[in-house]
Amino acid sequence: MKTFKTFTGIIAPLDRSNIDTDTIIPKEYLKSIKRTGFGLNLFDSWRYIDSNENTNQNIKRKDNPNFILNKSPYNKAEILLARENFGCGSSREHAVWALSDFGFKAVLAPSYGDIFYSNCFKNGFLPIKLKNKDIDLLFNLTKSNQGLKATVDLEKQFVETNTDNKFRFDIEPNLKVRLLKGLDEIALTLEYSDAIYKYERTRAKMNPWLFKDI
Amino acid sequence: MKTLYDKLWDDHVVHDFDDDTSLIYIDRHLIHEVTSAQAFDGLRLANRKPWRLNTNLAVPDHNVPTKNREVINDPISKIQLEALEENCKSMGITKFDMFDPRQGIVHVIGPEQGACLPGMTIVCGDSHTSTNGALGALAFGIGTSDVEHVLATQCLVLKKDKNMLVNIMGRTGKGISAKDIILNIIRKIGTAGGTGYAIEFAGDVIRSLSMEGRMTICNMSIEAGSRFGLIAVDKTTIDYVENRPYSPTNDEWVNAVNIWEKLKSDSDAHFDKVVEIDASKIEPQVTWGTSPEMVVSINNTIPDPAETKNSVKSEGYKNALSYMNLKPGMKFNQIKIDKVFIGSCTNSRIEDLREAADIVKGKKVSKDVKLAMVVPGSGLIKRQAEDEGLAKIFIDSGFEWREPGCSMCLGMNPDQLQSGERCASTSNRNFEGRQGPGGRTHLASPSMVAAAAIAGHFVDIRDF
């Protein structure tokens, strides 16, 4: 996994709460068996006026001119600003792949769906939890500053806008390290292979039915 | 002094790291076609093999057509189904194919086959894996990277959640089912109420529910924000598990039951949050909006955003009303239904079908309803319902009787709403476009949805 580096990018405000993963990437577009290409259908039902029932990637779609990500400069945004419970609902990791594929590197919201939050860290993508009052202020700042930019520094745990508003955030230490170092979690777990074998041997003695063939 | 969640967690710790996380052993891994292909690819790219083959069980459910499944018209669906077939074959993973009578919705067949048992850790790349928590198991949905992690290591790195107890006391009234209970809980605590918590459902009402009802409740714990829904083991659990194809037998059965009977929270266990629900006050519930927390009782009117003080919430209400094409103050009997769906991992088990059949018996689906369908959760449930005469009751009433699958719960297969269509549905999510782009979903219990099919709009099941 790639390492997470400090970056400066445009903030796209999406003033809604409870944005679910079905909305982030509708199920019609989950059928690819790859991890890439989902950015085209990010927020599909809000982003396009026409529906694409055949989910044909080659058809030119009609943009919804009122949707934020269709407006310049937000079509190049790298930070998404949203309200509480972002990414609730379905476990589909495609939601993170779609955000990432579009060009987003981080989300700012007061809270997240648990599975979405966990999925982000497997993909070098940073979901930042800010206080409600900070989110309110950021929404106001985006209104008065077209194309507001911010710098996201994970190492020092802050977001700073080009209007000099600085917001500190908390993050679980293990998740921070994982992003900064771009760790391969499976390789790390496999370093504990002996402990896993030992656990299996003990369990197999006590609860043999857990090891019956499916 | 431990909760059920604490006990299940402690039983599965392989290693505690010094950063608040633990390496947790996974007993059962269920696989479906939508969230697994990229995980199998990841394994191959890294030249890794599955850690333990005999714990994985795969089944196609999201993409399978519920009629004429010999021909898959959608080429992309076909690729996904074929990828599952090839991945399972090349790795040596057991899979029930589309024509196997045991095929069905992954969360339905796990318990049905005894592949999911009390005391297990159970994962699947699907948020409704929480359904299996009804068995007294630690069952939760994971993303595709974690599917790959489980395949490669049989473990996950997790941080322990907090404990929440939802106590449902008293007795439910006539016509109230498990679906009304869980919708009422979500109405009370909100879709983020359980975020960061494992929820244990307890109280007199839970004790008196069947396993099917308990699964309905745990299924929708994710709609209350929690990855884990849990219910303590009792006689109902043990009776359900006995004699399932993969359940232990003979001496092992006796041994297992001894262990499973301890799977309950200690009487002095600490919960970080406790919610009390008075069952006698629960009325038939129907969602009106685009989030499962946008739910009211059948006799309430559609709410007015102006009466909500919180501006973000009020804005959410306005968006939902606009999407659903509803106005504040409307009554449910003024809202015409276009399609009816009885099925999904929430409500497609035999008891749900009995409940719905009981309502429609001898009656006809309203001529205003374009399509009413019943989709059993598995091939075995389908057969049982046919043997019990339920299928005939549905067909005689004008319902279509389909093959098992996820069907119109999420529209990844041919069963979808057209834009603007309104559906009475026993499924679990009323998100925008969930049942088809532009489709409008109202969630309710099997009996409420069945009655809506007959009347052409929702009615109070207690007066039906």
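The structure presented is a predicted model; accordingly, all values stated were derived computationally and were not measured.

*Asks:* Sorry, what's going on with the overall build of chain B here?
*Replies:* Each helix and strand in chain B was counted, giving 15 helices and 19 strands. Whereas a compact globule of 464 residues would reach a radius of gyration of roughly 23 Å, chain B reaches 21 Å, a difference of no more than 12%. Principal-axis analysis of the C-alpha atoms gives chain B an extent of 55 × 55 × 45 Å. Every one of the 464 residues in chain B was classed for burial, and the buried ones make up 68%. For chain B, restricting intrachain contacts to residue pairs at least 6 apart in sequence, the fraction spanning at least 24 positions comes to 76%. Per element, the accessible surface of chain B, about 15,700 Å² overall, is 47% carbon and sulfur. Between the centroid of the 53 positive side chains of chain B and the centroid of its 61 negative side chains there is a distance of 5 Å.

*Asks:* I keep staring at helix 2 (residues 37-45) of chain B and nothing clicks. Help me out?
*Replies:* For an α-helix the count is 3.6 residues per turn, leaving residues at separations of three or four pointing the same way. Here helix 2 of chain B has its buried residues at B:Ala37, B:Gln38, B:Ala39, B:Phe40, B:Gly42 and B:Leu43. For helix 2 of chain B, the secondary structure elements touched by its buried residues are helix 3 (94-102) of chain A together with strand 3 (28-31), helix 3 (75-91) and helix 5 (144-153) of chain B.

*Asks:* Mind showing me how you'd approach the sheet that holds strand 6 (residues 121-124) of chain B here?
*Replies:* Picture the strands of a sheet paired through backbone hydrogen bonds; they go either parallel or antiparallel. Residues and elements named next belong to chain B. The strand order across the open sheet formed by 5 strands is 5-4-3-6-7, and the pairing between neighbours is parallel. At either end of the open sheet lies a strand with only one pairing partner, and these are strand 5 (94-95) and strand 7 (138-141). Two strands pair when backbone bridges link them, and strand 4 (residues 56-58) and strand 5 are joined in this way by 2 bridges, in the parallel orientation. For Ala58, the partnering residue across the bridge sits in strand 5 and is Lys95.

*Asks:* I'm lost on the sheet that holds strand 9 (residues 162-169) of chain B in this one. Help?
*Replies:* All names here are of chain B. One open sheet holds the 4 strands; their spatial order is 11-10-9-12, and the pairing between them is parallel. Every other strand in the sheet has two partners, leaving strand 11 (228-230) and strand 12 (273-278) as the edge strands with one partner each. Across this sheet, the average inter-strand angle for adjacent strands is 20 degrees, counted without regard to direction. Sheet topology note: the strand 10 (residues 197-202)/strand 11 ladder contains 3 bridges and is parallel. Looking across to strand 11, one finds that Ala198 is bridged to Phe228. The sheet strands contacting helix 6 (residues 178-189) are strand 9, strand 10 and strand 12, and the helix crosses strand 12 at an angle near 125 degrees.

*Asks:* I would appreciate a short explanation of the interface of chain B and chain A in the present structure.
*Replies:* One widely used convention gives an interface's size as the accessible area the parts lose upon coming together. Tallying the contact residues gives 83 residues for chain B and 60 residues for chain A. Scanning the region where chain B abuts chain A turns up 6 salt bridges. Between A:Arg203 and B:Asp27 there is a salt bridge whose closest N-O contact spans 3.3 Å. The leading source of residues in the side of chain B that touches chain A is helix 5 of chain B, at 7 residues. For the side of chain B that touches chain A, the per-class residue count stands at 32 nonpolar, 32 polar and 19 charged.

*Asks:* Sorry if this is basic, but what is going on with the confidence of the model for chain B here?
*Replies:* Detailed reading of the predicted coordinates is not advisable wherever pLDDT falls low. Overall, the prediction assigns chain B a mean pLDDT of 97, with 100% of residues at 70 or greater. Both confidence scores are given for the complex: pTM 0.96, ipTM 0.94.

*Asks:* Is there a simple way to explain the pattern of salt bridges in this structure?
*Replies:* All names here are of chain A. This model, assessed by the stated rule, comprises 41 salt bridges over all chains. For the salt bridge of Glu78 with Lys105, the shortest nitrogen-to-oxygen distance reads 2.9 Å. A residue pair is termed long-range when its members are at least 10 positions apart, and Glu78 in the loop between helix 2 (44-47) and strand 2 (79-81) and Lys105 in the loop between helix 3 and strand 3 (106-109) qualify at 27 residues.

*Asks:* In this structure, what is going on with the state of the cysteines? I would like to understand it.
*Replies:* Among covalent bonds in proteins, the disulfide is the one between the sulfur atoms of two cysteines. Overall, the coordinates contain 0 disulfides over all chains when judged by the stated rule. We note that B:Cys345 lacks a disulfide partner, and the nearest cysteine sulfur, in B:Cys409, lies 5.9 Å from it.

*Asks:* Whenever I open this one, the packing of helix 2 of chain B against helix 5 of chain B confuses me. Can you help?
*Replies:* Helix packing for two helices is described by the angle between their axes and how far apart those axes are. Residues and elements named next belong to chain B. Remark: helix 2 packs on helix 5, axes separated minimally by 8 Å, with the N-to-C direction vectors making an angle of 50 degrees. If you check the angle between helix 2 and helix 5, you find them oblique. The handedness of the crossing between helix 2 and helix 5 is right-handed. Packed against helix 2, whose contacting residues are Gln38, Ala39, Phe40, Gly42 and Leu43, the element helix 5 presents Thr144, Val147, Glu148, Leu151 and Ala152 at the interface. Residues that form the contact of helix 2 with helix 5 fall into these classes: 6 nonpolar, 3 polar and 1 charged.

*Asks:* I keep staring at the nonpolar core and nothing clicks. Help me out?
*Replies:* Generally speaking, soluble globular proteins have nonpolar side chains that are buried together. In this structure, A:Phe43, A:Phe86, A:Leu126 and B:Phe458 are the most contacted members of the largest nonpolar core, which totals 113 residues. Examining the composition of this core, we find that 7 residues originate from one element, helix 15 (residues 446-455) of chain B, more than from any other. Beyond its immediate stretch of four places on either side in the chain, B:Phe458 contacts B:Val286, B:Ile298, B:Phe332, B:Asn333, B:Ile337, B:Ala424, B:His442, B:Ala444, B:Met448, B:Val449 and B:Ala452. Among the nonpolar cores identified, the runner-up in size contains 97 residues, and B:Leu4, B:Val147, B:Val150 and B:Trp253 belong to it.

Rules used throughout
- Residues numbered from 1 in each chain as written.
- Chains lettered and ligands numbered in written order.
- Predicted model: local features only at pLDDT ≥ 70, side-chain atom pairs only at ≥ 80, totals over all residues.
- Heavy atoms only, no water.
- Helix = DSSP H or I, 4+ residues; strand = E, 2+ residues; numbered from the N terminus.
- Rg over C-alpha atoms; globule rule 2.2 N^0.38 Å.
- Buried < 20%, exposed > 50% of the residue type's maximum accessible area, 1.4 Å probe, protein only.
- Contact = heavy atoms within 4.5 Å.
- Areas by Shrake-Rupley, 256 points an atom, 1.4 Å probe, with all protein chains shown as cover.
- Lys, Arg positive; Asp, Glu negative; His and termini not counted.
- Charge placed at Lys NZ, Arg CZ, Asp CG, Glu CD.
- Pairing = 2+ DSSP bridges.
- Axes fitted to C-alpha atoms, helices over the stretch in contact; angles between N-to-C directions.
- Salt bridge = Lys/Arg side-chain N within 4 Å of Asp/Glu carboxyl O.
- Nonpolar A, V, L, I, M, F, W, Y, C, P; charged D, E, K, R; others polar.
- pLDDT = per-residue confidence, 0-100.
- Disulfide = S-S within 2.5 Å.
- Parallel < 35°, antiparallel > 145°, perpendicular 65-115°, else oblique.
- Left-handed = near helix turned anticlockwise from the far one by under 90°.
- Core = buried A, V, L, I, M, F, W, Y, C linked by side-chain atoms within 4.5 Å.

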